[in-house]
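Reading the structure
This is what each chain is made of:
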Amino acid sequence: MYFIWYILIGILSGFIAGKIMRGGGFGILINLLVGIIGGLLGGWFFGLLGIATAGIMGSLITSVVGAVLLLWIVSLFKDPHKTDI
């Protein structure tokens, strides 16, 4: 049952991070991947800061923060001269 929660939190956090960083989502699969990697990155980052979260909302906040960090890091490597149409 927890596996389903991880997937749902991953999808939701990837979607929210996509809205925050780009103004739109990336589709269910990419949102899931961004959310899962974001959860790991957010957990590591919060651990460095000594912040602990609990429950579903804590997991969602951690995942969203991590996903936003992930998208920000990816944007640093994006070609600034390329325009998306």
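Conventions and cut-offs
- Residues numbered from 1 in each chain as written.
- Predicted model: local features only at pLDDT ≥ 70, side-chain atom pairs only at ≥ 80, totals over all residues.
- Heavy atoms only, no water.
- UniProt positions renumbered as here; feature names shortened; annotations may be inferred.
- Helix = DSSP H or I, 4+ residues; strand = E, 2+ residues; numbered from the N terminus.
- Axes fitted to C-alpha atoms, helices over the stretch in contact; angles between N-to-C directions.
- Parallel < 35°, antiparallel > 145°, perpendicular 65-115°, else oblique.
- Left-handed = near helix turned anticlockwise from the far one by under 90°.
- Contact = heavy atoms within 4.5 Å.
- Nonpolar A, V, L, I, M, F, W, Y, C, P; charged D, E, K, R; others polar.
- Expected span 1.5 Å × (residues − 1).
- Buried < 20%, exposed > 50% of the residue type's maximum accessible area, 1.4 Å probe, protein only.
- Arc of directions from axis to C-beta.
- Core = buried A, V, L, I, M, F, W, Y, C linked by side-chain atoms within 4.5 Å.
- Phe/Tyr/Trp six-rings, centres within 6.5 Å; stacked < 30°, edge-to-face > 60°.

Identification of the protein chain as GlsB/YeaQ/YmgE family stress response membrane protein from Parabacteroides goldsteinii dnLKV18 is taken from an unreviewed UniProt entry. UniProt, in its Sequence similarities (unreviewed entry) section for the protein chain, records the words "Belongs to the UPF0410 family." Word for word, the UniProt comment on the protein chain under Subcellular location (unreviewed entry) is "Cell membrane".

**Let's talk about the UniProt feature "transmembrane region" (unreviewed entry) in the protein chain**
UniProt marks residues 6-21, 28-49 and 55-77 with the feature "transmembrane region" (unreviewed entry), using the numbering shown here. Structurally, residues 28-49 is divided into 100% helix and 0% strand, and its ends, taken at the C-alpha atoms, are 30 Å apart. Each end of residues 55-77 is marked by a C-alpha atom, and these two atoms are 34 Å apart; helix forms 96% of the span and strand 0%.

**Structural notes on the packing of helix H1 (residues 2-22) against helix H3 (residues 55-76)**
In contact at an axis separation of 8 Å, H1 and H3 are set at 45° when each is read in the N-to-C sense. Relative to H3, the element H1 lies oblique. Of the two possible hands of crossing, H1 and H3 adopt the one that is right-handed. Side by side, H1 and H3 meet where Trp 5, Ile 9, Leu 12, Ser 13, Ile 16, Ala 17, Gly 18, Ile 20 and Met 21 of the first sit next to Ile 56, Ser 59, Leu 60, Ser 63, Val 64, Ala 67, Val 68, Leu 71 and Trp 72 of the second. Partitioning the contact of H1 with H3 into residue classes produces 14 nonpolar, four polar and no charged.

**A short note on H1**
Between its first and last C-alpha, H1 extends 29 Å over 21 residues, near the 30 Å set by a 1.5 Å rise per residue. Taken together, the buried positions of H1 are occupied by Ile 9, Gly 10, Ser 13, Gly 14, Ala 17 and Gly 18. Looking straight down H1, one finds that the buried residues subtend no more than 165° of arc, so they occupy a single side. Contact partners of the buried residues in H1: helix H2 (28-49) and H3.

**Brief notes about the nonpolar core**
Grouped together as the largest cluster of nonpolar side chains are five residues: Ala 17, Val 34, Ala 67, Leu 70 and Leu 71. A per-element tally of this core places H3 first, with three residues. In this view, Ala 17 contacts Val 64, Ala 67, Val 68 and Leu 71; residues no more than four positions away in its chain are not counted.

**Considering the packing of aromatic side chains**
Evaluated as defined, the whole model comprises one aromatic pair. With a centroid separation of 6.5 Å and 45° between ring planes, the pair formed by Phe 45 and Phe 46 is classed as tilted. What makes Phe 45 partly exposed here is its relative accessible area of 29%.

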